[in-house]
Amino acid sequence: MLILLPPSEGKTPATVGNAVDWTSLSFPELNTYRAKVLDGLGTVSAHEDALALLGVGASLRADVERNTRLHAEPAAPAHQVYSGVLYDALGYDSLTAAQKRRADESVMVISALWGAIRFGDSVPAYRLSMSTALPDVGRLASFWKPQLTAALAGVADGELLVDCRSSTYAAAWAPPPAQTVAVNVFTEVGGVRKVVSHFAKHTRGELARHLLTRRGRAPQTPAQLQKAAAEKWTAELVGGTARKPHALNIILPN
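Given the structure is predicted, the values throughout are model-derived calculations rather than measurements.

Trainee: Residues and numbers for the overall build of the protein chain, please.
Mentor: Helix and strand counts for the protein chain stand at ten helices and twelve strands. Taken over the C-alpha trace, the protein chain has a radius of gyration of 18 Å; the compact-globule value for 254 residues is 18 Å, and the two agree within 12%. When the 254 residues of the protein chain are sorted by exposure, 50% land in the buried category. Across the protein chain, contacts joining residues at least 24 apart in sequence account for 68% of those joining residues at least 6 apart.

The structure is reproduced here in structure tokens:
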């Protein structure tokens, strides 16, 4: 089982430690492309209109300035750097040692800067969205798609992929539909379902935690994933097609 997560918008910078060691990152075949994105991000972040070009407000000026020195910024494990609603709900720090090992093996973050990394990979905090276009790179989702398709094919082979990404990050890599389950979260009032955003992030984090902490074997099929989710929520499985992944719909009480 692989759990695919988006990065958090907000990140917690490491205050001490060594800079990123590119040779230690998972999927080293992506390093050439990571370097290209990093150079483009540094160029844009040093521009006088950097905030507008990156689509962020003035409150994030310090984050954008940090982008210009990421080669030297302290790095920390991804599970520490990524923060926010989903990651708080996953609660890595409160996992047991065995559960943390399972998380390090099972969780993969699809990143606008790094392409794909594991939870234990040490990276600096940065500010960059997958929807951004960078000079000599273009729109990042389009840039990463062929690179991730090649780099992750072997990793995904034979695995059930639990896709907790937002649509922005799902655009960067489309794993094999037959073994992929996209996680959707709804509320239902009077028989009418509504997609939720904030609580969707929280629930996806809770689902990831449940899958990492529950007893027994990890789900190996979409049906087994639905059964595991139904241990905590009202959950239904919608079958996929040759081109569309399965969907796990979690229905929250109103």
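Trainee: I'd like a rundown of the packing of helix α1 (residues 31-45) against helix α7 (residues 140-156), residues and numbers included.
Mentor: Viewed as axis vectors pointing N to C, α1 and α7 meet at an angle of 170°, and their least axial separation amounts to 11 Å. The pairing of α1 with α7 is recorded here as roughly antiparallel in orientation. Residue-level contacts link Tyr33, Arg34, Lys36 and Val37 of α1 to Leu140, Phe143, Trp144 and Gln147 of α7. Residues of the contact of α1 with α7, tallied by class, amount to five nonpolar, one polar and two charged.

Trainee: Hey, could you go over the layout of surface pockets for me, with residue numbers and the actual values?
Mentor: Empty space within the largest pocket amounts to approximately 580 Å³. Elements with a minimum of two residues in the lining of the largest pocket: α2 (50-54), α5 (85-90), α8 (167-170) and α9 (198-213). In terms of residue count, α5 provides more of the lining of the largest pocket than any other element does, three residues in total. Residues that form the lining of the largest pocket fall into these classes: twelve nonpolar, ten polar and five charged. Within this model, the second largest pocket holds a volume of roughly 370 Å³. Lining the second largest pocket are 19 residues, and of these Asp163, Arg165, Ala170, Ala182 and Pro245 lie nearest its centre. Secondary structure elements with two or more residues in the lining of the second largest pocket: α8 and β9 (180-189). Broken down by element, the residue count for the lining of the second largest pocket peaks at four residues, all from β9. Split into classes, the residues belonging to the lining of the second largest pocket amount to nine nonpolar, four polar and six charged.

Trainee: Explain unusual backbone geometry to me, using residue names and the numbers behind them.
Mentor: Of note, Phe27 is a non-glycine position whose phi angle comes to about 55°, a positive value. Here Phe27 shows up in the loop between β1 (2-5) and α1. Look at Asp136: it is not a glycine, yet its phi comes out positive at around 65°. Along the chain, the position of Asp136 falls in the loop between β6 (133-134) and β7 (138-139). Overall, the relative accessible area of 72% leaves Asp136 in the exposed class.

Trainee: For the packing of aromatic side chains, give the residues involved together with the corresponding values.
Mentor: When we look at a pair of aromatic rings, we describe it by the centre distance and by the angle of the planes. A complete count under the given rule lists seven aromatic pairs for this structure. When the ring of Tyr87 is compared with that of Phe119, the centres are 6.2 Å apart and the planes differ by 40°; the resulting orientation is tilted. Of this pair, Tyr87 sits in helix α5 while Phe119 sits in the loop between β4 (115-118) and β5 (122-123); the two residues are 32 residues apart in sequence, bridging distant segments of the chain. Of the two residues, Tyr87 and Phe119, neither departs from the other in class, the shared state being buried.

Trainee: If you had to explain α1 to someone new, which residues and values would you point to?
Mentor: Compared with the 21 Å implied by 1.5 Å per residue over 15 residues, the 20 Å span of α1 between its first and last C-alpha is a close match. For α1, the complete set of buried residues consists of Asn31, Arg34, Val37, Leu38, Gly40, Leu41, Gly42, Val44 and Ser45. Next to the buried residues of α1 lie α2, α3 (61-66), β4, β6 and α7.

Trainee: Break down the nonpolar core for me, citing the residues and quoting the values.
Mentor: Formed by 77 residues in total, the largest nonpolar core has its most connected members in Ile3, Trp114, Leu128 and Val162. Discounting residues that sit within four places of it in the chain, Trp114 has contacts with Val20, Trp22, Leu25, Leu30, Arg34, Tyr82, Val123, Pro124, Tyr126 and Trp144.

Reading guide: rules and limits
- Residues numbered from 1 in each chain as written.
- Predicted model: local features only at pLDDT ≥ 70, side-chain atom pairs only at ≥ 80, totals over all residues.
- Heavy atoms only, no water.
- Helix = DSSP H or I, 4+ residues; strand = E, 2+ residues; numbered from the N terminus.
- Rg over C-alpha atoms; globule rule 2.2 N^0.38 Å.
- Buried < 20%, exposed > 50% of the residue type's maximum accessible area, 1.4 Å probe, protein only.
- Contact = heavy atoms within 4.5 Å.
- Axes fitted to C-alpha atoms, helices over the stretch in contact; angles between N-to-C directions.
- Parallel < 35°, antiparallel > 145°, perpendicular 65-115°, else oblique.
- Nonpolar A, V, L, I, M, F, W, Y, C, P; charged D, E, K, R; others polar.
- 1 Å grid on protein atoms, 1.4 Å probe; cavity = no way out; pocket = protein on both sides within 12 Å on 5 of 7 lines; lining within 4 Å.
- Points joined across faces, edges and corners; volume = space filled by probe spheres on them.
- Phe/Tyr/Trp six-rings, centres within 6.5 Å; stacked < 30°, edge-to-face > 60°.
- Expected span 1.5 Å × (residues − 1).
- Core = buried A, V, L, I, M, F, W, Y, C linked by side-chain atoms within 4.5 Å.

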